[in-house]
Amino acid sequence: MSEYNVVGKRIPKIDAAQKAMGRAEYIQDVKLPGMLYGKILYSKHAHARITRMDLSKALALSGVYTILTGEDVPEKMRMGFYKDNPPLKKDKVFSFRDEVAAVAAKTPEIAKKALELIEIDYEVLPGIFDPEKAMEKDSPLVHENTKSNVLKLPWKLHYGDVDKAEKEAAFVVEGRFTTTWVTHCCMGTSGAVASFDAADNLTIYTNTQIPSLAQKDFLEALKAMGLKNKRARVIKPIIGGGFGSKLDTYAYEHIAILLAHKCRKPVKIVFDRPEEFIATSTRQPTVTHIKQGCDKNGKLLFRDIRMVLDNGAHTSWGATTPSVMMMPITSLYRVDNVRYDAKCVYTNNTYSQAMRGYGNPQATFAIESNIDMLAEKAGIDPIEFRRINRNHPGDVTPQNFKITTCGLDLCLDAVEKELRKSGTKEKGVGIGVASLIHVGGGARIYKSDGCGVIIKMDDYGKASVFTGGTDMGQGLDNITAQIVAEELGLLVEDVHVVHTDTDVCPWDVGAHASRSTFVAGNAALGAAKKIKAQLLELGSKELKTTPDSLMLKDRLIFVPGDPEKSMAIDKLLRKIHFSPGGTMLVSDHFFDPINENMGPDYKGNMSMTYTFGVHGVKVRVDEETGKVEVLEYVAAHDVGQAINPLLLEGQVYGGVVMGLGYALSEEVMHVNGKNMNPNFRDYKLFTAKDAVKIIAPVIQTPDKDGPFGAKGIGEPGCVPTAPAIANAIYDAVGVRITTLPITPEKVLAALMEKKKNH
Amino acid sequence: MRLPQFDYKGPDTLEKALDLLSTHAQDAKILAGGTDLLVRMKKGLIAPKTIISLKALNELSYIKKDKNTIRIGARTCLADIIASDSVRKEATALSTACERVGAVTIQHFRGTIGGNILQDNRCFHYNQSAFHRSGRQACHKDGGKICYARDESDRCNSTCQSDGATALMALGAKLVLVSKGNERTVALTDFYTTDGIMPFAMEPTELLKEIIIPVEGGKSSYQRLAYRSAIDYPIVCAGVLLKASAKKDTIEDARIVVGAMGRAPLFLAKESSELKGKSFTDTKAFQKAGNGAMNSASTFAVHNVGSTLEYRCATVSEMVFRALQEAVAEASKA
Amino acid sequence: MEKLNIILNINNKPVDVRITPNDTLLEVLRDHLDLTGSKESCGEGVCGSCTVQLDGKPVRSCLTLALEAEGLKVRTVEGLADGDKLSPLQESFVNHGAVQCGFCTPGMLMTADALLQQNTNPDEDTIKKALSGNICRCTGYSKIVEAVAHTAHPDDQCPDCASGIKSCCKTKE
């Protein structure tokens, strides 16, 4: 298939064997000498003033080292995108997840007992839990220092002339779509161990997807604590799942730091499952009003979207998800006239953060459900409708996204072929499709979208690769090793990838936006190219030839076709090291993709390339119970070049099943701000019996900017799942469900409503 | 999550177990598989001083078949019941129900039939962590005076979500309860109280020893709805038993039970007797029975198992209908 | 509280431990014996991450009192490999991409291993049913099911084996 030796091969995940033997060390398994255990006390109310706190009984408990409250948090220690959220709240609580006190004790049991002994009196305040109601004039204010619950963070863009296009449209449809809270459910819960050395330098073991940015947060925390010019070292143990949950620093990390400093002992905080559900952030819930129109031939003319986002009580990255929602809104299919207006509104609910797809699943649910409605109104087959409006390579979208490679048409073909294999239509059975666009070449969210890699060669022909990238199970370690091995003519086992320690790993902005393969991969490729150049240069002297006549392959450096001029790479390395005036082979490379921050008008080519995909699904709806059974699932993605098809399938399969949960079963149930299902029994993740076999056609469209042509694929798998399901249900039984998750209750209620009206 | 502290007793005879129960009565809990009890203890819902484990009581693990009954020891694990040919053949509903409990990994020696019948009633508002519950007034089941599931209710409306109990009630099963020096047999239909705080009409000194299932040639079926195919409690379920006439074309006798709709499985006497004499092909009669089930169940059910009340009421009729159809199909085959 | 000395048989070795009655088997394995391969993810018997085998049957160690494991053979994920040599099932998990973050892997392996002890030839539905008490968030289960099926049917070809890299077809030789 390819001319590559290592790239494109199904190489098992490098750390899979140690994981399968139970030897991998997760945060749960980290133990330091003298370590204490920290536990956090959360608010008992959604909105209340703290009127009294008495720690005396808890402090008197044997084995308790210290208890911290909001009073002990330095003024400048703040978290989140707005930096408005202290790790422990003082005077007032704004949601059930608000942290009010933290204990360090000799054992977890003592720490838990101490929490029970802390006495707090609250004066309960009225809460507001519905973002649309929170926008009303007489709504109670979540933050008294604001005039309105609407954040001063308007997301507003308008390209072309939507009103004019609407007038000209032959067909117009509109709808209201809502999505609710879902959460990552990493199997390994969150946790951190913080420890100070004698000179007050911090080492923190923590589950993070953003080691360098977390380091910055922790350095700021140290500064706020009055510890100037101290070091913060972030060590990542093996991460038990990420999916975006670890894209920000959390209160528990800051609390562990405060406790460890106060006690002068390492402090470990690890969440139990209910805490993981309650105190980590969810995917951003949305209310979307959408209107789209097309001409009589089905050409999409405009897209008009208003959105309300439940911001929760504090502002984290959830409030910025509209920046990514804009991508499908302006650029999924060709559409010249686009208007988008989103408001983030404070409520006393939990706050949201990044989760796989970062806003894209919510926006795509509305767009792609509504596209089917429009196709129906226009009397055009939904797949054909998408074909008419598909993006093309070379397109520049209204938001100035430059589409380089685009395999949307091939994805449509592949899905259609699979779905239409079994022809005849049974009662209650239907098919649905939905497409996606996602960033595939990094995403310039911060000022930089860069990643650094350092490569060091040893005497034995082995490469140590220090990357800023992060592996959390998705396989960045493999991708890095395969790219370096390919470039240097080594085997994958010759490459040791280090991604766990900020003391040795270079800077990076984190594992998000499906950017690791593209950005960290390009950084690794860049560094490897520099080593390769040195090897060829030094090898040419040893082999008495020119560098450009040499090749690296199978651990050898050689002139093709000339058996005399060949040498083992390790031997060459030893020669380089063990010579008078010798040298060492170390290289570094910082890759910052040529993409753009969005300007004030939100225009800017956010990513160097874009990934496309189409999902198709066949469902059977039980009309008596409303239960939806997924019969077939096809997920075609345009991936550039697959560096490792085995891992690629893993991302797609995993993403799709996560998407199926989002579509059909998952929901964090809140009653007046209180999480009612913080456990795996009541939060409905799919089991092996519920999951379906997924056919995943891989459309290769090698991208000139990707490492060996690759694009990112971490998130797309869960982006169009929900609308594909919703469209299939409509096809099967003629009811359109517009709120997620599409539970049997909703389907049955819609069916009964439909019967009533007929 | 840590378990609270307790004393552990592991009696190796039934007699010793009953002795211990009579001494510790109020403060003791029986541990069979632990899938219900230990979870409740971890959540701080109960904190018994003494745990009396049935681990060593192999004498309570058996399936015995004689002419007119199947007798099952209370500590028999669900996997053994699922594997039993005689249960599958003559008490199909129970076999199916056991298969639906938890997952395969829970069905052998962690999950027992006694534990399944005696699993405590559940409620969305009650089965929460101690911290969750501490932020509000206690409900009836938690020692307080209010019900979060039904306003103004003077009692606990927690729901019995036992698959096994629903199937067994349909089969007309009886329970053998023993205490020191005493043994009594009670029909499962008479085993429930009217308050979810303590849903079972049994003394703290009593131990469930055996389940007796009459087998008189009837055909049974069990149907349930849950969100997932595994690790879920039913949100609505139904068990039926049908006896066919000699000609195998009409119903001679029927028992319809619905579950997960109230504090106990509900035997629908009226709907059951109305089916007598009905033809196997009389789907209208089955539908009527289903609707009757919906009407009866909807008076008891409250919104407390994570699915809407409207939905559970709307589907309970379908579960009854499907169970009847399946049982009829089996009966006409036989 | 009352401390008890018990002897557990873990991975075919007798081990003395001093416990209290409320110690679960999982806590004893992880906290007393540093056998941290078994994982706690939900703590209430739903997710299966803590699955170990007791006398060959997969059991949730978070809902098993350590006391009640006395006299039974406890097998944990650490007992699957022969030194550094992976068992065929482990090998198959690795080669089929059944391991991503790996947190559910030990429990999955113990459940699947128990299945294969009982049934050397399970079909896909049987495998799915057996694994339905083990939650995985990364893989969507497909590759796990494939890995188990492939251990049972070493002669079947799958794309992973067909690629010729570390073929799991060969591990059973």
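## Re the environment of threonine 76 of chain C
Residue and element names in this part refer to chain C.
In step 1: Turning to its location among the elements, threonine 76 is positioned in the loop between strand S5 (73-75) and helix H2 (88-95).
In step 2: With 26 C-beta atoms packed within 10 Å, threonine 76 lands in the buried category.
In step 3: Along the sequence, threonine 76 and valine 52 sit 24 residues apart, while their C-alpha atoms lie 5.1 Å from each other.
In step 4: What threonine 76 contacts, discounting residues up to four positions off in sequence, is Ile10, Asn11, Leu29, Leu35, Gly37, Ser38 and Val52.

## So, the domain arrangement of chain A
Residue and element names in this part refer to chain A.
In step 1: Looking at the assigned domains, one finds that chain A contains domain 1 (16-23 + 450-591), domain 2 (31-125 + 190-270) and domain 3 (286-444 + 598-757).
In step 2: Once you take the C-alpha centre of each, domain 1 and domain 2 turn out to be 39 Å apart.
In step 3: Contacts between domain 1 and domain 2 engage 15 residues on the former and 15 residues on the latter.
In step 4: Considering only residue class, the side of domain 1 that touches domain 2 consists of five nonpolar, seven polar and three charged.

## Focus: the interface of chain C and chain A
In step 1: Every contact between the two is made by 47 residues of chain C and, on the other side, 47 residues of chain A.
In step 2: For the side of chain C that touches chain A, the elements supplying multiple residues, two or more each, are H2, helix H3 (105-118), helix H4 (124-131), helix H5 (142-152) and helix H6 (159-162) of chain C.
In step 3: Ranked by the residues each element gives to the side of chain C that touches chain A, the list is headed by H2 of chain C, at four residues.
In step 4: Taken together, the residues that form the side of chain C that touches chain A break down as 21 nonpolar, 16 polar and 10 charged.

## Details of the pairing of strand S11 (residues 251-259) of chain B
All names here are of chain B.
In step 1: A large share of S11 lies buried, amounting to seven of its nine residues.
In step 2: Between strand S10 (residues 236-244) and S11, which follow one another and run antiparallel, lie six residues, and lysine 248 among them has a positive phi close to 60°.
In step 3: Both S11 and strand S12 (residues 266-267) contribute to a ladder of two bridges, which runs antiparallel. Residue pairing across strands places valine 257 opposite phenylalanine 267, the latter belonging to S12.
In step 4: As consecutive antiparallel partners, S11 and S12 are separated by six residues, and within that stretch alanine 260 has a phi angle of approximately 60°, a positive value.

## Thoughts on the interface of chain A and chain B
In step 1: Residue-level contacts link 18 residues of chain A with 19 residues of chain B.
In step 2: In terms of residue class, the side of chain A that touches chain B is built from four nonpolar, five polar and nine charged.

## Here's the deal with the sheet that holds strand S2 (residues 13-19) of chain C
Residue and element names in this part refer to chain C.
In step 1: Strand order in the open sheet made by the five strands is S2-S1-S5-S3-S4, with mixed pairing throughout. Either end of the sheet is taken by a strand with one partner, and the two such strands are S2 and strand S4 (57-60). In this sheet, adjacent strand axes meet at a mean angle of 45° when their direction is disregarded.
In step 2: Against the sheet, H3 makes contact with strand S3 (51-54) and S4, and its axis sits at roughly 35° relative to S3, the strand it touches most.

Cut-offs and rules
Residues numbered from 1 in each chain as written. Chains lettered and ligands numbered in written order. Predicted model: local features only at pLDDT ≥ 70, side-chain atom pairs only at ≥ 80, totals over all residues. Helix = DSSP H or I, 4+ residues; strand = E, 2+ residues; numbered from the N terminus. Buried ≥ 20, exposed ≤ 12 C-beta atoms within 10 Å, placed from the backbone. Contact = placed C-beta atoms within 7 Å. Domains from an automatic or database assignment. Nonpolar A, V, L, I, M, F, W, Y, C, P; charged D, E, K, R; others polar. Pairing = 2+ DSSP bridges. Axes fitted to C-alpha atoms, helices over the stretch in contact; angles between N-to-C directions.

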